[in-house]
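# Geometric and topological summary
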Amino acid sequence: MPMDTVDFRDLAVEEFDTTTMLKHATEQAIQRRYEDFFIADIDGHHYETGSFAQICEYIEDPVMRQQAKYQGFGGSGIASSNGAYQELMGRVTRYPGRRKEKTPTTPHRDITLTKRWMDAIGIDYVCMFPTPMLSLGLTPRPEVEVALSRAYNRWLCEVVLQNEPRIGSSLYLPINDPEASYQMVKDFGGKKGVIGFTICSPHYKATYDNAYCKTYALIEEMGLPLVYHGAFAWGGDQSMSLCNRFLAVHALGFSWFNILHCTNWLCNGMPERFPKLKTIWVESGLAWVPFLMQRLDNEWMMRSSEVPLLKRKPSDYMREMYYSTQPMEMVHNREALELTFKMMNAETQLLYASDYPHWDMDLPSTIYDLPFLSETGKRNILGGNAKRVFNLEPIVSEVKQKRLAARGTA
Amino acid sequence: MADVLVCKDGEIAEGGVRVIQAGEVEIGVIRHDGKYYAYRNHCPHQGGPVCEGIRMPGVLDIIGEGGIFLQQDFDQKDIHIVCPWHSYEFHLEDGVNVCDKRIRLQKFKVVEKDGAVYINV
């Protein structure tokens, strides 16, 4: 084959571009005809630190605003309090590449970059979360958490959600201040694109405390879900401080904080007290669910007197909760995964999440290619369940509309 | 089986990668330490463009006498291909996954002749 007939690319001369990096994901989307159904990603991320200067302008307290502008969001170096070296020393190239990727002046860079990866992967709608702010609940000054989360939520609503119907968000609640959390729900509950409220799980408040009840009642009344988003704590957490490898901190932390809050949620009878409040447990993987079901059911049989509000087994309540798929523990044991899906009633309770652009992101094919799911089950997990839980209007992305038109089925 | 011309010798810089489309198959040709390696540009994990990431040496824990941990070090003799999507790692020499020998990249034979580099597809 002569050289001039072979297509080639030399990587040394290429600029980083999300669409190119995800070309194989696009091929998967085309092969599997994702244009035939709605795909919602209930946990995609952006790096709000890239817009931190803009977000600072939304901080209401002028002194806090000045502190934030001068000081920046946080330190992420190897000696920082969370000790992070999460980016794998450049092994995952979208981390360094993202900063150099070119975008047009309008729309906002975060909208462009988000839609770029959504279109490449085959996603119609995303629930967008921040990244470093997931650990904001660990900051020592509650007023900083309140000020930054209010500023971020205002910025997100005005700059992103208002302008892009394919992006929604479950807004951050400043959990260290129950009154401010309540006010957040009151102030932002009806805004365009606000599809729920989120407790970022690493923090040291008991979320069954009576102080939060009016917040839960209001979220329930609004018909919105309450999301618990997993993350890790390291330097400030005595248990996690025993870990010296990030693998350990990540593997335990993202599940642990949700295991902790879910256990307390159940033991305090919250599903009975707020029966219409939908809870979603995000980014903790799936393997913890059968563990906790078995563990709590076993204890409940002997100590139900301590938790008289629970009228049924803890696992019965857990089967009525919702879970996000990622990071799905799918290494080598399909049988365990299938049992996990069965135990949580995955076809109605599980919601696809990519977690893109983070290093452990999952493509829709991780669900679509599972041999034990029915076609309806796959479509439910990839979008149908999210549509129902978040009351989403189904949107077909422009890319998919073009594919449908090309097939003559638009 | 056909020999597909990849490049003239030296056209791919040391440490560089050329991704070629050979019919249906995308193949990454990597030049490392003056030697060429060719693998299908497809990660067995989630289908990522495995040849488009970086190469890094394997990492070793150095354990001293009595089981005492001393330090970590790079193993410069064992270079890894790292998938840019999720950091799955494969030995550059044979394309075998560093965690599970059953997982491997599809390898293509590289032929250097008459000042040019070919892969056998």
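Residues numbered from 1 in each chain as written. Chains lettered and ligands numbered in written order. Predicted model: local features only at pLDDT ≥ 70, side-chain atom pairs only at ≥ 80, totals over all residues.

The helix and strand inventory of chain A stands at 18 helices and nine strands. The C-alpha radius of gyration computed for chain A amounts to 21 Å, which stays within 12% of the reference 22 Å derived for 410 residues, consistent with globular compactness. Along the longest, intermediate and shortest principal axes, the C-alpha atoms of chain A span 80 × 55 × 45 Å. (Helix = DSSP H or I, 4+ residues; strand = E, 2+ residues; numbered from the N terminus. Rg over C-alpha atoms; globule rule 2.2 N^0.38 Å.)

Another point: helix 17 (residues 375-389) of chain A. A turn of α-helix holds 3.6 residues, and therefore any two residues three or four places apart point the same way. Residues and elements named next belong to chain A. Relative to the 21 Å expected for 15 residues at 1.5 Å per residue, helix 17 spans 20 Å between its end C-alpha atoms, a close match to the ideal helical length. A maximum bend of about 60° is found in helix 17 at Ile381. Within the span of helix 17, buried status applies to Lys378, Asn380, Ile381, Leu382, Gly383, Gly384, Asn385, Ala386 and Val389. On its buried face, helix 17 sits against strand 2 (40-45), strand 7 (279-282), strand 8 (322-324), helix 15 (346-349), strand 9 (350-351) and helix 16 (365-368). Directly after helix 17, the chain includes Asn391, whose backbone phi takes a positive value near 55°. (Expected span 1.5 Å × (residues − 1). Bend = angle between axes of the 7 residues up to and from the residue. Buried ≥ 20, exposed ≤ 12 C-beta atoms within 10 Å, placed from the backbone. Contact = placed C-beta atoms within 7 Å.)

On the chain A side, the residues contacting the 23 residues of chain B number 24 residues. For the side of chain B that touches chain A, the elements supplying multiple residues, two or more each, are strand 1 (3-8) and strand 2 (17-22) of chain B. When its residues are assigned to classes, the side of chain B that touches chain A shows 13 nonpolar, eight polar and two charged. Taken together, the four bridges between strand 1 (residues 7-10) of chain A and strand 2 of chain B define a ladder with antiparallel strand orientation. (Nonpolar A, V, L, I, M, F, W, Y, C, P; charged D, E, K, R; others polar. Pairing = 2+ DSSP bridges.)

Now for the sheet that holds strand 2 of chain B. Ordered in space as 1(A)-2(B)-3(B)-4(B)-8(B)-9(B)-1(B), the seven strands form an open sheet in which the pairing is antiparallel. Here the strands that pair on one side only, and so sit at the sheet edges, are strand 1 of chain A together with strand 1 of chain B. Neighbour to neighbour, the strand axes of the sheet diverge by 25° on average, direction disregarded. (Axes fitted to C-alpha atoms, helices over the stretch in contact; angles between N-to-C directions.)

With respect to the element layout, Phe69 of chain B can be found in strand 6 (residues 69-82). Using a count of 10 C-beta atoms within 10 Å as the deciding quantity, one classes Phe69 of chain B as exposed.

Attention shifts here to the nonpolar core. One recurring pattern in soluble globular proteins: nonpolar side chains tend to sit buried together. Ranked by internal contacts, the top residues of the largest apolar core, which has 104 residues, are Ile121, Tyr323, Leu351 and Tyr352 of chain A. Take this core: its biggest share by element is eight residues, from helix 7 (residues 142-160) of chain A. Look past the residues within four positions of Leu351 of chain A in its chain and what remains in contact with it is Ile42, Ile280, Tyr322, Tyr323, Ser324, Thr325, Ile381, Asn385, Ala386 and Val389 of chain A. Of all hydrophobic cores here, the second largest spans 27 residues; its members include Ile27, Tyr39, Val50 and Ile81 of chain B. (Core = buried A, V, L, I, M, F, W, Y, C linked by C-beta atoms within 7 Å.)

A word on the sheet that holds strand 6 of chain B. Residues and elements named next belong to chain B. Taken together, three strands build an open sheet; the order of strands is 5-6-7 and the sheet is antiparallel. Edge positions in the open sheet fall to strand 5 (55-63) and strand 7 (89-91), since each of these has one partner strand only. Taken pair by pair, the neighbouring strands of this sheet meet at an average axis angle of 50°, ignoring direction.

Residues and elements named next belong to chain A. Within helix 8 (residues 178-188), burial applies to Ser181, Tyr182, Met184, Val185 and Phe188. In an axial view of helix 8, the angular spread of the buried residues amounts to 155°, which keeps them on one side of the axis. For helix 8, the elements touching its buried residues are helix 7, strand 4 (167-172), strand 5 (194-200) and helix 9 (213-222). (Arc of directions from axis to C-beta.)

What follows is about the pairing of strand 2 of chain A. Residue and element names in this part refer to chain A. Counting buried positions along strand 2 gives five out of six residues, so the element sits mostly inside the fold. Where strand 2 meets strand 3 (residues 125-129), four bridges bridge the pair, whose relative direction is parallel. In the sheet register, Ala40 faces strand 3, and the bridge partner there is Tyr125.

Turning next to the packing of helix 8 of chain A against helix 9 of chain A. Residues and elements named next belong to chain A. The interhelical angle for the contact between helix 8 and helix 9, taken along N-to-C directions, is 15°, at an axis separation of 9 Å. Put simply, helix 8 runs roughly parallel to helix 9. Seen along the crossing, helix 8 lies across helix 9 with a hand that is left-handed. Touching Pro178, Ser181, Tyr182, Val185 and Lys186 of helix 8 are Lys214, Thr215, Leu218 and Ile219, all from helix 9. In terms of residue class, the contact of helix 8 with helix 9 is built from five nonpolar, two polar and two charged. (Parallel < 35°, antiparallel > 145°, perpendicular 65-115°, else oblique. Left-handed = near helix turned anticlockwise from the far one by under 90°.)

We now examine the environment of Ala231 of chain A. All names here are of chain A. Tracing the sequence through the fold places Ala231 in the loop between strand 6 (226-229) and helix 10 (246-267). For Ala231 and His250, which are 19 residues apart along the polypeptide, the C-alpha to C-alpha distance reads 7.7 Å. When neighbours within four sequence positions are excluded, Ala231 is seen to be in contact with Leu134, Ser135, Cys200, Ser201, Pro202, Gly253, Phe254 and Phe257.

This brings us to the confidence of the model for chain B. Per-residue confidence for chain B gives a mean pLDDT of 95; residues scoring 70 or more make up 99%. Scored as a whole, the predicted complex attains pTM 0.95, and scored at its interfaces, ipTM 0.91. (pLDDT = per-residue confidence, 0-100.)

Residue and element names in this part refer to chain A. Orientation of helix 12 (residues 288-303) relative to helix 14 (residues 334-343), taken along the N-to-C sense of each, is 60°, at an axis distance of 9 Å. Relative to helix 14, the element helix 12 lies oblique. At the point where helix 12 passes helix 14, the crossing takes the left-handed sense. Across the interface between the two elements, Val289, Pro290 and Met293 from helix 12 touch Leu339, Thr340 and Met343 from helix 14. Classifying every residue of the contact of helix 12 with helix 14 by side-chain character gives five nonpolar, one polar and no charged.

Look at the link from Thr106 of chain A to Pro107 of chain A: it is a cis peptide, with omega at -5°. Turning to its location among the elements, Pro107 of chain A is positioned in the loop between helix 5 (94-100) and helix 6 (109-121). The step from Gln326 of chain A to Pro327 of chain A runs through a cis peptide bond, and the omega angle for that step is -5°. The phi angle at Ser87 of chain B is positive, at roughly 70°, despite the residue not being glycine.

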